[in-house]
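Observations on the three-dimensional arrangement
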Amino acid sequence: MTGASALMAWPVIIPLLGAVLALLVGRPAVRLIAGVTSVATLSASAVLAWEVAHRGVLRQSIGGWGVPLGIEWRADGLAVLMLLTIALVGSLTSVHALDHLPDREDREFLPLWLLVWCALNALVLSADAFNLYVTLELTTLGAVALIAVRRDLPGLDGGLRYLLFALPGSLCYLLGIALLYGAYAALDVGLLAERVQPGPVTWVAAALVTVGLCLKTPLFPLHVWLPPTYAGAPTPVTALLSALISKGSYYVLFRLWMEVFAPVMDAQVAQLLGLLGAAAVIWGSLLALLQSQLKRVVAYSSVAQIGYMFLVFPMATEDARAGAIYLVVSHAAAKASMFVAVGNIHQAVGITALGGVQGLAGRMPFTFLALGLGGISLIGIPPSGGFIAKWLLLNASIATGQWWWGVVLLVGSLLSAAYVFRILRGSFLPLPEGVTVRAIPLGNELAPFALALIALVLGLVPWFPLDLLAVGAAR
């Protein structure tokens, strides 16, 4: 194990230590610990990304046991880009949580989030199908606790809905991996890619794994738990769920399909996944247009944005893969900024209806700038990360002769523009009489703005993340 490979441990160990310490102390020390942990984890992730960019793919055998007996971690361009995304988006969302949650919830939210952060980092570094299952489950259990952290009825209801859909998803995934292990005696993703052959066992295993992960992500029509869960959870938790936690299961599906299943599956199966993604884009966008509550508009738009990510499977070119992951990263920043901005509006005026934003743009400029910039990325207007992602997917659709996915991208963008403008249109009108706007902390105003700037910067300087993604990419 080289010194560079050992760097992989720190993005997992640091948040774990921070979570344990945060559980042992009271407020305000928990905030200090969470702040130091966030900076240290972000630094460790950045150093690891730098090493991968200059040295190539890094590997580390846990406990000195290599594959096939032991468990191996792998840091390639995709993994370290996800580490950086989790660190940046998670840290800025935590800033918003500090003043949004009461003292008791604050003391419980921060250790729970650090544990989920630890599990997510371990997930993106895992190169073993069973280890992916374990880390995915740790993420799920932590997410359930986060959703219910306020201990009110909407939160408990949302947590239970999430758990009821996540558990069958876990069971399907585990059965699929068990079938693969029984047939090919391997759990390492690289070994599975070498050994898997077309046949009934592989097809059933791939179907179980795909259905299980689509339940957790969630993909249309398995998304029914998402809107009520997002609406019932505290706003910082909703931001983390939409931006990061739901991406964990998509990341596992992306890895397994691109590296293991795609070469041995019928092309029509990939077309079916693309078709479900397209249905999610249209259905999620239409429902977002029909909502009267701000948080539900943003929640349904998440259903649509997840759909774009599934367009990669029928195209599966280098551009399509880069576009799908670029969408994951830019959506994480944009959607977290929009949910945090919605939380700010609720904190300032106590109203969650769309009409409640009237006249607020002048009183909360950074919050509405964040909503606007986040919306630009969701629509795919240049310069934004969302534009780069959709441009790459559009190029892939033309290059592969599958023009119909390009039509889905265009129609989805028009529908996104409609619901984003619906949110913003009343904000520049005069403030209604009798409405009191409470001052919110400057950190809460700046946090969504900083998240939205990340989505914008991804469109201005795309070469570094795209070059990083190419390191160790599946061909």
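Before reading on, note that the structure itself is shown above.
Everything in this summary refers to the structure shown in the same document. What you see is a predicted model, and the numbers here were worked out from it, not measured in a lab.

In this section: the overall build of the chain. Summing up its helical and strand segments, the chain has 20 helices and two strands in all. Seen along its three principal axes, the alpha-carbon backbone of the chain occupies a region of about 70 × 55 × 40 Å. When burial is assessed residue by residue, the chain has 60% of its 475 residues classed as buried. For the chain, the share of sequence-separated contacts (at least 6 apart) that also reach a separation of at least 24 residues comes to 81%. If you sum the accessible surface of the chain, you get close to 17,500 Å²; carbon and sulfur atoms cover 71% of it.

Residues Glu72 and Arg74 of strand β2 (residues 72–75) are buried on one face, and the alternating residues Trp73 and Ala75, pointing to the opposite face, are buried as well. Where strand β1 (residues 58–61) and β2 come together, four bridges link them in antiparallel fashion. For Ser61, the partnering residue across the bridge sits in β2 and is Glu72.

A few words on the side chain of Thr367. Position of Thr367 among the secondary structure elements: in helix α16 (residues 365–379). Those residues in contact with Thr367, other than ones at most four positions away along the chain, are Ala341, Asn344, Ile345, Ile440 and Glu445.

Attention shifts here to the packing of helix α12 (residues 267–290) against helix α13 (residues 294–309). Two numbers describe how α12 lies on α13: the axes approach to 7 Å, and their chain directions differ by 165°. On the basis of their axis angle, the class for α12 and α13 is roughly antiparallel. Taken as a pair, α12 and α13 cross one another with a handedness that is left-handed. Counting all contacts with α12, which are made through Gly277, Ala280, Val281, Gly284, Ser285, Leu287 and Ala288, the residues of α13 involved are Val297, Tyr300, Ser301, Val303, Ala304, Gly307 and Tyr308.

What follows is about the environment of Ser246. Checked against the element boundaries, Ser246 lands in helix α11 (residues 235–261). Since its relative accessible area comes to 7%, Ser246 is described here as buried. In the structure, Ser246 is positioned 116 residues away from Gly362 in sequence and 34 Å away in space, judged by C-alpha atoms. Every residue in contact with Ser246, bar those within four places of it in the chain, is listed here: Thr217, Tyr230 and Leu241. Separated by 3.2 Å, the side chain of Ser246 and the backbone oxygen of Ser242 make a polar contact.

Next up on the list: the environment of Val264. Take Val264: it is sitting in the loop between α11 and α12. Along the chain, Val264 and Leu23 lie 241 residues apart, while their C-alpha atoms are 47 Å from each other. In this view, Val264 contacts Val196, Gln197, Pro198, Thr202 and Trp203; residues no more than four positions away in its chain are not counted.

The next subject is the pattern of salt bridges. In a structure, side chains of opposite charge can pair up when their charged atoms sit close to one another. For the coordinates displayed, the defined rule picks out ten salt bridges. Across the pair Glu72 and Arg59 runs a salt bridge whose closest N-O atoms are separated by 3.2 Å. One end of the pair, Glu72, is in strand β2; the other, Arg59, is in strand β1, with 13 residues separating them in the sequence. A relative accessible area of 45% means that Arg59 is categorised as partly exposed. Linking Asp76 and Arg255 is a salt bridge whose minimum nitrogen-to-oxygen distance equals 2.7 Å. With Asp76 in the loop between β2 and α4 (77–100) and Arg255 in helix α11, this residue pair connects regions lying 179 residues apart in the sequence. The two residues Asp76 and Arg255 agree in class, both being buried. Residues participating in the shared-partner salt-bridge network are Arg74, Asp76, Arg255 and Glu259.

Criteria and cut-off values
Residues numbered from 1 in each chain as written. Predicted model: local features only at pLDDT ≥ 70, side-chain atom pairs only at ≥ 80, totals over all residues. Heavy atoms only, no water. Helix = DSSP H or I, 4+ residues; strand = E, 2+ residues; numbered from the N terminus. Buried < 20%, exposed > 50% of the residue type's maximum accessible area, 1.4 Å probe, protein only. Contact = heavy atoms within 4.5 Å. Areas by Shrake-Rupley, 256 points an atom, 1.4 Å probe, with all protein chains shown as cover. Pairing = 2+ DSSP bridges. Axes fitted to C-alpha atoms, helices over the stretch in contact; angles between N-to-C directions. Parallel < 35°, antiparallel > 145°, perpendicular 65-115°, else oblique. Left-handed = near helix turned anticlockwise from the far one by under 90°. Polar contact = N/O pair within 3.5 Å; in protein donor to acceptor, adjacent residues only side chain to side chain. Salt bridge = Lys/Arg side-chain N within 4 Å of Asp/Glu carboxyl O.

Read these as layout, nothing more, since geometry by itself doesn't imply function.
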